[in-house]
Amino acid sequence: MSRPTPTMALKVMRSTGHRRVTVSWTISIVVLGLFTLAAIFAPLVAPYNPDQLDFGAIYANPNLAHWLGTDSLGRDTLSRIIYGARTALLAPLIVVIASTILGILLGLLAGWRGGWIDAAIGRLLDVLLSFPALLIAILAVALFGKGLVAPVIAMSIAYAPFVARLTRSLVISERARPYVSAYRVQGFSGGWIALRRVLPNVVPTVGAQSTLNFGYVLAELAGLSFLGLGVQAPTADWGAMINESQAGLVGGHFLPALIPAIAVVIVVVAVNVIGEEISERIGGGTPA
Amino acid sequence: MIIRRVVGKLGSLTLTLVLASALIFFSRFMVPGDPVSFLLRGRQPSPEAIAAVTEQFGLNLPPWEQYLRWIGGMFQGDFGRSLQFRDEVSTVIGDRLPVTLGLVALAAVMILVTGIVAGTIAALNRGRLPDRLILTVLTALGAIPPFVGAIILIAVFAVQLNWFPAFGSGDGFFDTIHHLILPSVAMAISFIVLIGKITRMSMVEQLGREHVQVATSRGLKPLTVVRRHVFRNALGPIFTVSGLLIAGLLVSTAIVESAFGIAGVGSLLVQSVNRLDFPVVQAIVLLVVAAFVIVNAIVDLLQPLIDPRAAAGEAGR
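What counts and what doesn't
- All residue numbers refer to positions counted from 1 along the written sequence of the respective chain.
- Both sets of labels track the order of writing: A upward for chains, 1 upward for ligands.
- Reporting of local features is limited, given that this is a predicted model, to residues whose pLDDT is at least 70; pairs of side-chain atoms are given and counted only at 80 or more, and all residues count toward the totals for whole chains, interfaces and linings.
- For side-chain calculations, the full set of non-hydrogen atoms in the structure is used, while hydrogens and water are omitted.
- Runs of H or I in DSSP of at least four residues are treated as helices and runs of E of at least two as strands, each being numbered from the N terminus.
- Buried means the residue's accessible area, taken with a 1.4 Å probe over protein chains only, is under 20% of the maximum for its type, while exposed means over 50%, and partly exposed covers the values in between.
- Between two residues, a contact is recorded if the distance between any of their heavy atoms is within 4.5 Å.
- Computed with a 1.4 Å probe, the accessible areas rest on the Shrake-Rupley method; for each residue, only the protein chains presented here act as cover.
- Under the convention used here, Asp and Glu are negative, Lys and Arg are positive, and both His and the chain ends fall outside the count.
- The location of each charge is read from NZ of Lys, CZ of Arg, CG of Asp or CD of Glu.
- Here the limits of each domain have been adopted from an automatic or database domain assignment.
- Put simply, buried area is the surface a 1.4 Å probe can reach on two separate parts but cannot reach once they are joined, added for both.
- Salt bridge, as applied in this entry: a Lys or Arg side-chain nitrogen positioned within 4 Å of an Asp or Glu carboxyl oxygen.
- By the criterion applied in these results, polar contacts are pairs of N or O atoms within 3.5 Å in which, for protein atoms, one can donate a hydrogen and the other can accept it, and in which residues neighboring in sequence qualify only through two side-chain atoms.
- Every axis corresponds to a line fitted to the C-alpha atoms, with the helix fit spanning only the stretch in contact, and the corresponding angles, defined between N-to-C directions, vary from 0 to 180 degrees.
- Note on angle classes: values under 35 degrees are labelled roughly parallel, values over 145 roughly antiparallel, values of 65 to 115 roughly perpendicular, and the remainder oblique.
- In this scheme the crossing of two helices becomes right-handed for a clockwise turn of the near helix relative to the far one and left-handed for an anticlockwise turn of less than a right angle.
- When residues are grouped by polarity, Ala, Val, Leu, Ile, Met, Phe, Trp, Tyr, Cys and Pro land in nonpolar, Asp, Glu, Lys and Arg in charged, and all others, Gly among them, in polar.
- For each structure, a 1 Å grid was placed over the protein atoms alone; sets of points admitting a 1.4 Å probe that cannot get out are labelled cavities, open sets with protein on both sides within 12 Å along at least five of seven lines are labelled pockets, and lining residues have an atom within 4 Å of a point.
- Grid points are joined across faces, edges and corners, and a volume is the space filled by probe spheres set on the points.
- In this analysis, rings of Phe, Tyr and Trp, with Trp reduced to its six-membered ring, are considered paired at centre separations within 6.5 Å, and the interplanar angle assigns stacked below 30 degrees, edge-to-face beyond 60, and tilted for intermediate values.
- Here, a charge over a ring means that NZ of Lys or CZ of Arg falls within 6 Å of the ring centre while also lying within 35 degrees of the ring normal.
- Definition of nonpolar core: a set of buried residues of the types Ala, Val, Leu, Ile, Met, Phe, Trp, Tyr and Cys, connected through side-chain atoms within 4.5 Å.

Across its full length, chain B carries 15 helices and zero strands. Overall size of chain B, expressed as C-alpha extent along the three principal axes, is 85 × 60 × 35 Å. Residue burial in chain B is summarised as follows: out of 317 residues, 49% are buried. Summarising the internal contacts of chain B: among those between residues at least 6 apart in sequence, 72% fall at separations of at least 24. Total accessible area on chain B stands at roughly 15,100 Å², and carbon and sulfur atoms take up 67% of it. Side chains of chain B carry 24 positive and 18 negative charges; the gap between the two charge centres is 15 Å.

Written as C-alpha cells, this is what we have:
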C-alpha cells in the first residue's frame, strides 16, 4: 500500500454520485451559466450600482425594490452578488488554468525524462504538497500585501503538484506504449514525441481532473477575502461581503451575510457536479 | 529490516522539513527592497529598532547563515521576537496553542465518529436508499466551506436559538467545550465526506472478501462479522489520511477562530498578517507544515502495526 496522496483523497471524494447525469447535470450547467452571464454582463443586469449607499434602506428585507434586501450601509445585496460573481469565478479560473499548465509541464518533464530529473521534481512536489493551499496564499499575502494577485499566483503553484503527479503517471504509462517506440525507430526526437504525440494524449484527462479543483479554489479564495486578506472592502466580493456583514449577525441581520455564503455553496456544488461529470466522461479509467 | 525502513523514512522526513523550512525562510527574499524596511513596514522605526531587527535576524550575515540561525533557534525553542507584542514568538504562540489544539481535537473526533458511522451504514446498505442518502448528504456537506458553516451556525444556533455563544473561548473546562462546539462543527462539516467515503470504500472492499463471506455463511451475526472481520481491516485507509486531515483542520482554524473571535493560533496568524508581524507568520506557517509532514511520517511508520499486509508488501519489494 502506498501512502495515499491528496490526489487520491480527491479521487475518493469524487468517486460516487455518477450515472445520475441528467437532472443534476442540467441544473448545474444552468446555474453556472446564469452566474457566468451575470458576471460578464453585471453592469447591464444589476439593478443598482453595487457601491451605492442608501441610508434610508439599511438592512431592508427582500422587497420589490431590493429583491435580496440590503446590507448595513443600504447597498443592494443582489447587485453586490452579481458584481461579486466576477472575482468569484474569474480568480479560480485563472488558478485552474495556470496550475494545469504548470503541473503538466512539470509532470511531462518528470515522467518523460525520468532519472534524477524525475527524482528532483518529485521531491519538489512533495515539499509543495506539505503546504496546504490556503496557507501558501496567506504567506503570499504576508509577503506581498493584500489583494488577489499574490494569492492567485500562490494558489496556482499550490495546486500544480496535484496536476503534475497525475500527468507524470499518465506520461509514464504512455511512454511504454508501442506508438512511442514506433516514432523513436523512425528517428523522431524525444522532445518532439513528448510534446506532439504524448502531450495531446494526456491533456484531456488531466484537464478534466483539473476542473475538479475549481470549487476548492473558489471556496479558499472566498475564505481569504472573508479573513480580510483577499479582495478588500468596499469592492463587492462574496467573501468580503460576508466579512463586512458578520457584525450584523448578532443583531439578527442574517441575510447580508447568509446570501453570499449560499452563493458560494451553490456555485461550488454546481462546479463540482460538472467537474465530476466531465472527468467521468473523459477520464474514465484514470490511473491513481 | 525495520531499522533500515525507519532510518530511510526519517531521512526523507528530515529532507522534506529542511526544504520546506528553507522555502518558508527564503520566501522573504523574494520581496523586493531591503529587508529592514520589509520587516518594519507600517512602523516608524527608531534607529534602535532598526539595529535590534538587524541584530535579531542577523541581516548583516549571508542568507544561508541567517537561515541556519533561524532554524537553529527553532530547535532551542527560540522563534525570535514578535514585532506586534514585544514578546517572544514562542510565548505568543504557546499561549494560544491549547485552545487551537482543543478545537482541532474536538473537530477530529466529530469527523471520525460521524464519518465512520455514516460510511459503515452506507457500506452495509450498499446501493440501497440509506447508502444513496448518506452519500448525497455527505457530498452536500463537503461543499460547505468553514466560513460558510460558521455564518450559518452563528445565525441559527447562537443568535436565533441562543444555545451556544457566538464569540470567545470561555473559562474552565465545560464552558470552554461549550464555546468550542460551534467552531469545531464549522470546521468538521466539510471533512466528514472524506472520512465517510474512505470508510465506505474500504468497508465495501472488505465485505466482498472471502473470509468475510465465509464468516457470514458460518452464520455469524452481521454485527459480529463487521466488528471482528471488516472493521479492523477497513481502518488502515482512514488512518493514512490523518495527516491530510490534521493539516486541513489546522489551516481551517485561521478562518473559524477569526469568525468566532477565539484567540488561538489560527486567528493569531491572520492578525499577524494584518499587523505586518512577519516573524510570527513565518513561525506559524512552519509549525503547520511540520505538523503535516511529521504526522504523515508517523502514519507511515505505524501503518504496518495496524495493517500487517502493508509490512509484508514493503518487505516483498
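Helix and strand content of chain A: 12 helices and zero strands. Along the chain direction, N to C, the helices and strands of chain A fall in the order α-α-α-α-α-α-α-α-α-α-α-α. Counting across all 288 residues of chain A, residues that qualify as buried make up 53%. Of the side chains in chain A, 19 bear a positive and 13 a negative charge, and the two mean positions are spaced by 16 Å.

Bringing the domain arrangement of chain B into the picture now. All names here are of chain B. Taken domain by domain, chain B comprises domain 1 (2-74) and domain 2 (89-315). On a C-alpha basis, the centroid separation for the pair domain 1 and domain 2 is 32 Å. Listed as interface residues are 21 residues of domain 1 and, on the opposing side, 17 residues of domain 2. When domain 1 packs against domain 2, the two sides together hide about 1,700 Å² of surface, and 73% of this comes from carbon and sulfur. Together, Arg5, Lys9 and Ile24 form the three largest contributors to the area buried by domain 1 at its contact with domain 2, with a combined 32%. For the pair domain 1 and domain 2, the number of links is one salt bridge. At the surface where domain 1 touches domain 2, the tally comes to two residue pairs in polar contact (both at pLDDT 80 or more). Mapped onto the side of domain 1 that touches domain 2, the elements with two or more residues apiece are α1 (2-26), α2 (35-39) and α4 (63-75).

All names here are of chain B. Viewed as axis vectors pointing N to C, helix α5 (residues 89-124) and helix α12 (residues 242-259) meet at an angle of 120 degrees, and their least axial separation amounts to 10 Å. By the angle class used here, α5 and α12 are oblique. Once α5 is placed against α12, the crossing between them reads as right-handed. Where α5 approaches α12, its residues Thr100, Leu103, Val104, Ala107, Ala108 and Ile111 are matched on the opposing element by Leu245, Leu249, Leu250, Thr253 and Glu257. Each residue belonging to the contact of α5 with α12 can be placed in one class, and the counts come to eight nonpolar, two polar and one charged.

Our next topic: unusual backbone geometry. Its identity as a non-glycine residue notwithstanding, Arg86(B) has a phi of 55 degrees, on the positive side. Note that Arg86(B) resides in the loop between α4 and α5.

Here the focus is empty space enclosed by the protein. Residue and element names in this part refer to chain A. The final tally for this structure, using the stated rule, is three cavities of 30 Å³ or more. The computed volume of the second largest cavity comes to approximately 80 Å³. Taken together, 13 residues form the lining of the second largest cavity, with Ala88, Leu218, Leu221, Ala222 and Asp237 sitting closest to its centre. Where the lining of the second largest cavity is concerned, the elements lending two or more residues are α4 (77-113), α10 (213-226) and α11 (238-249). Here the residues of the lining of the second largest cavity are counted per class, giving nine nonpolar, three polar and one charged.

Right, let's get into the packing of aromatic side chains. Taken as a whole and assessed by the stated rule, the structure comprises 16 aromatic pairs over all chains. For the ring pair Phe26(B) and Phe29(B), a centre distance of 5.4 Å and an interplane angle of 50 degrees mean the geometry is tilted. Overall, Phe26(B) belongs to the partly exposed group, its relative accessible area being 29%. Over the face of the ring belonging to Trp25(A) we find Arg281(A), whose NZ or CZ atom lies 4.9 Å from the ring centre. A cation over an aromatic ring shows up here: Arg28(B) above the ring of Phe25(B), its NZ or CZ 5.4 Å from the ring centre.

The next thing to look at is the nonpolar core. The biggest cluster of nonpolar side chains holds 143 residues, and the ones touching the most others in it are Ile138(A), Trp238(A), Leu249(B) and Phe260(B). In terms of domain composition, this core takes at least three residues from each of domain 1 (2-74) and domain 2 (89-315) of chain B. Those residues in contact with Phe260(B) that lie beyond four places of it in its chain are Ala150(B), Ile154(B), Ala166(B), Phe167(B), Gly168(B), Leu182(B), Pro183(B) and Ala186(B).

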